[in-house]
Amino acid sequence: MTLSTAAKRPGEPGYHEILRNLSEGSVTKHFDPYVDIDWDSPEFAVYSDDPRWIMPEEDPLGRHPWYKAQPVDKQIAMGMWRQAGIAKVGLDFEQLLIRGLMQYLVSVPNGDPEFRYVTHEAAEECNHTMMFQEMINRIGYRDVIGMGSIDRKLTMAIWPAVKYFPELFFTMILGGEEPIDHLQKSLLRGGVDMHPMVHRVMQIHVAEEARHISFAHEYLRKNVPSMNPITKTVLSVAFPIAMRVMLDMIATPPKQFVDKFGIPDEVMREAYWGSPESQATKRDVFADVRALVEGTGMMNPLAKLTWRLLGIDGPASRYRSEPARRAA
Ligand SMILES: [Fe+2]
Ligand SMILES: [Fe+2]
């Protein structure tokens, strides 16, 4: 790896300057789960008859007529389990990411600002895992699981990628971070009346993830354009596949949840991702990464076809985190 600063576009900071800014951000705006969250405050108490646990409209299952027709106590129980399950899958993913980042750092040379930023990011992810686990424990369902066993096996693909195909590794990072971030931001923006503990955890997560997502975007913007044409084509096709597979890992509830609450197969099929509304949600999640893919020259005809076949094509966002724009 060379240490030359990436080519600057007019008026834009170079890669290393961006890394220094992100690192400064990690010092000036960061959170500690046991300082910045008042876990024992009375408003954070968890009650099993609290309607704020009901799954919101933003959740593909939460807006499904089957879910809405369930008795309120079951809707609350499902919402609690689901909220804990999303945190658990986030935690599973972050642990994987932390291990991958540490492995990546082994080959970062002296003087490279990636070392400092990536270590800040890993430290933040450690805090996120503690924050998520604390929330799961307080929600109280001991049987909550995150990734299913097949998903866990699929994540093994990350290890060779870290060493031999780091652009794919950072693509996988985005594949995990973008869906969670998109869901959390849509809940925060939508002003959903959620439990205050969940709200606080989400606020902190969204604030710190903004840096992580920026970093993965910048890493790919710097490295993809100079990849050799064959590897770049492979990545351009692997990219939407990684997004699609990881969306399911992150956003689809596990079999244990489906069995526990007796969710009919066709309800699951419609919610993930058969109904037109769910399909729109699925496309919207990736508007930012479609902009990245276009900007780095990875939207070739083969890639375009792959995005379309996977049902995650659509307009690219004009700026990061732009609210969903849908094709007419
Ligand atoms: Fe995180
Ligand atoms: Fe992250």
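Per chain, the residues get numbers from 1 upward, laid out in the order the sequence is written. A letter from A marks each chain and a number from 1 marks each ligand, given out in the order of writing. In view of the model being predicted, local features appear only for residues whose pLDDT reaches at least 70, and side-chain atom pairs are presented and counted only at 80 or more, with totals across whole chains, interfaces and linings using the full set of residues.

If you check an unreviewed UniProt entry, the chain appears there as Diiron oxygenase from Nocardia rhizosphaerihabitans.

A. Molecular detail of the overall build of the chain. Each helix corresponds to a stretch of at least 4 residues labelled H or I by DSSP, and each strand to a stretch of at least 2 residues labelled E; elements are numbered beginning at the N terminus. Looking only at helices and strands, one finds 14 helices and zero strands in the chain. What the globule rule says is 2.2 Å times the number of residues to the power 0.38, and the radius of gyration is computed from C-alpha atoms. Taking 20 Å as the expected radius of gyration for a compact globule of 328 residues, we find that the chain reaches 20 Å, a close match to that expectation. Its C-alpha atoms give the chain principal-axis dimensions of about 60 × 45 × 35 Å. By the burial criterion, 38% of the 328 residues in the chain qualify as buried. C-beta atoms are first placed from the backbone for all residues, and any pair lying within 7 Å is then listed as a contact. Taking as baseline every contact in the chain between residues at least 6 positions apart, the subset at least 24 positions apart corresponds to 81%. Here a residue counts as buried when 20 or more other C-beta atoms sit within 10 Å of its C-beta, as exposed when there are 12 or fewer, and as partly exposed otherwise, the C-beta atoms being derived from the backbone.

B. The arrangement of helix H1 (residues 15–28) in detail. Helix length check: H1 (14 residues) gives 20 Å between terminal C-alpha atoms against 20 Å at 1.5 Å per residue, within 8%. All buried positions along H1 are accounted for by Tyr15, Ile18, Leu19, Leu22 and Ser23. Around the axis of H1, the buried residues are gathered within 135 degrees of arc, so they sit on the same side. Opposite the buried face of H1, by more than 90 degrees, sit the exposed residues Val27 and Thr28. Among the structural elements, helix H4 (114–139) and helix H8 (196–223) are those in contact with the buried residues of H1. Here the expected span of a helix is defined as 1.5 Å times the quantity of residues minus one. This arc is taken over the directions from the axis of the helix to the C-beta atoms.

C. Seen up close, the packing of H1 against H4. The contact between H1 and H4 brings their axes to 9 Å, and the two run at 35 degrees. Considering only the axes of H1 and H4, their crossing is left-handed. Along its contact with H1, which presents Leu19, Leu22, Ser23 and Ser26, the element H4 presents Glu114, Arg116, Tyr117, His120 and Glu124. Throughout this entry, Asp, Glu, Lys and Arg are counted as charged residues, while Ala, Val, Leu, Ile, Met, Phe, Trp, Tyr, Cys and Pro are counted as nonpolar. The remaining residues, Gly among them, count as polar. A per-class count over the contact of H1 with H4 returns three nonpolar, three polar and three charged. Each axis is a line fitted through C-alpha atoms, and for a helix only the stretch in contact is used; angles between axes span 0 to 180 degrees, taken between their N-to-C directions. Crossing chirality is assigned from the near helix's rotation relative to the far helix, an anticlockwise turn below a right angle marking it left-handed and a clockwise turn marking it right-handed.

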